[in-house]
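# Understanding the architecture of this molecule
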Amino acid sequence: MGPEGSDNWHAMLDGAAAILREEGHAALTSRRVAERIGVKQRLVYYYFRTMDELVVSLFRRMAERELARLAEAAESARPLRAIWDISLHSTDSRLIAEFMALANRIDGLQREVIRFIEQARTLEVAVLDRALARKPQAGRLGAAGLAVTITSLALLLSRENQLGVDAGHAEVLGALAAFFDEIEPVA
């Protein structure tokens, strides 16, 4: 096995991410990854025993990066808004859809997706708990319910925006901004 974290390893994951995003999981083959980054196909199998292993490694790398960004946002002066900004503006709905489809087929990926969601949700709930403690009447849904709602809303808005749909977005974003002002006032 090739060394995890090497330049080739990262290049293969970058190539795989681009293929998933642009062409979908049906196009993700060792041959396409090799062509994409300019190496021989057998080198892909030197680094990853199977394409499933490559997909799991790709998701794990992305999840680790996203969790680090969320953790940093959670420690910021306005953590709720920072997490919302990450959720809304860094969501690649095409890639998420591809991972979700593959998670139904690849057990290791399903475990990684669950682990990521649970870790991200725990972080988001902690931020919301702190915010709601300052204004308890604002949290009728509760921190966990709000975390699910906000994450889902960000994904929905991102998907629609990538398609070119924005009907109702300004109204939802305005209502959410007012909610944030209520529980996380601008200092």
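Residues numbered from 1 in each chain as written. Predicted model: local features only at pLDDT ≥ 70, side-chain atom pairs only at ≥ 80, totals over all residues. Heavy atoms only, no water.

### Topic: the packing of aromatic side chains
Inspection of the entire model under this criterion finds six aromatic pairs. Each ring, one from Phe-59 and one from Phe-116, has its centre 6.0 Å from the other, and the planes form 85 degrees; the classification is edge-to-face. Taken as a pair, Phe-59 in helix α4 (residues 51-74) and Phe-116 in helix α7 (residues 107-134) lie far apart in primary sequence, 57 residues in all. Looking at Phe-59, the relative accessible area reads 10%, which means it is buried. The exposure class of Phe-116 is buried, given its relative accessible area of 19%. By the ring-pair criterion, three or more aromatic residues cluster together here, those being Phe-59, Phe-99 and Phe-116. (Phe/Tyr/Trp six-rings, centres within 6.5 Å; stacked < 30°, edge-to-face > 60°. Helix = DSSP H or I, 4+ residues; strand = E, 2+ residues; numbered from the N terminus. Buried < 20%, exposed > 50% of the residue type's maximum accessible area, 1.4 Å probe, protein only.)

### Considerations on the pattern of salt bridges
Side chains that differ in sign of charge can pair as their charged atoms come close. By the definition in use, this model includes twelve salt bridges. The residue Glu-184 makes a salt bridge to Arg-81 at a minimum N-O spacing of 3.5 Å. Of this pair, Glu-184 sits in the segment after α9 (169-183) while Arg-81 sits in helix α5 (residues 79-89), placing them 103 residues apart in sequence. Taking the relative accessible area as the measure of exposure, Glu-184 reaches 3% and is therefore buried. Residues joined by salt bridges that share partners form a network here, namely Glu-23, Arg-32 and Glu-35. (Salt bridge = Lys/Arg side-chain N within 4 Å of Asp/Glu carboxyl O.)

### Focus: the confidence of the model for the protein chain
In this model, the protein chain carries a mean pLDDT of 91, and residues with pLDDT of at least 70 account for 96%. Element-level mean pLDDT values for the protein chain span from 89 in helix α8 (residues 143-163) up to 97 in helix α2 (residues 30-37). (pLDDT = per-residue confidence, 0-100.)

### Focus: α8
The end-to-end C-alpha distance of α8 is 30 Å, a good match for the 30 Å that 21 residues give at a rise of 1.5 Å each. Considered for burial, the residues of α8 that qualify are Ala-143, Leu-146, Ala-147, Ile-150, Leu-153, Ala-154, Leu-157 and Ser-158. All buried residues of α8 fall inside an arc of 135 degrees around its axis, so they share one side. Each element contacted by the buried residues of α8 is listed here: α5, α6 (93-103), α7 and α9. In the segment just after α8, Gly-164 is the residue with positive phi, at about 100 degrees. (Expected span 1.5 Å × (residues − 1). Arc of directions from axis to C-beta. Contact = heavy atoms within 4.5 Å.)

### Overview of the side chain of Glu-112
Mapped onto the fold, Glu-112 is located in helix α7. What makes Glu-112 buried here is its relative accessible area of 11%. Polar side-chain contacts of Glu-112 include one of 3.2 Å to the side chain of Arg-60. Excluding anything up to four places from it in sequence, Glu-112 contacts Val-56, Phe-59 and Arg-60. (Polar contact = N/O pair within 3.5 Å; in protein donor to acceptor, adjacent residues only side chain to side chain.)

### Re the packing of α4 against α5
Relative to each other, α4 and α5 sit at 155 degrees, their axes nearing to 8 Å. Accordingly, the angle class assigned to the pair α4 and α5 is roughly antiparallel. The segment α4 lies against α5, with Glu-66, Arg-69, Leu-70, Ala-73 and Ala-74 engaging Pro-79, Ala-82, Ile-83 and Ile-86. A breakdown of the residues in the contact of α4 with α5 according to their chemical character gives seven nonpolar, no polar and two charged. (Axes fitted to C-alpha atoms, helices over the stretch in contact; angles between N-to-C directions. Parallel < 35°, antiparallel > 145°, perpendicular 65-115°, else oblique. Nonpolar A, V, L, I, M, F, W, Y, C, P; charged D, E, K, R; others polar.)

### Some points on the environment of Glu-66
Within the secondary structure layout, Glu-66 lies in helix α4. Separated by 50 residues in the primary sequence, Glu-66 and Phe-116 place their C-alpha atoms 9.0 Å from one another. Those residues in contact with Glu-66 that sit more than four places away from it in its chain are Ile-86, Ser-90 and Phe-116.

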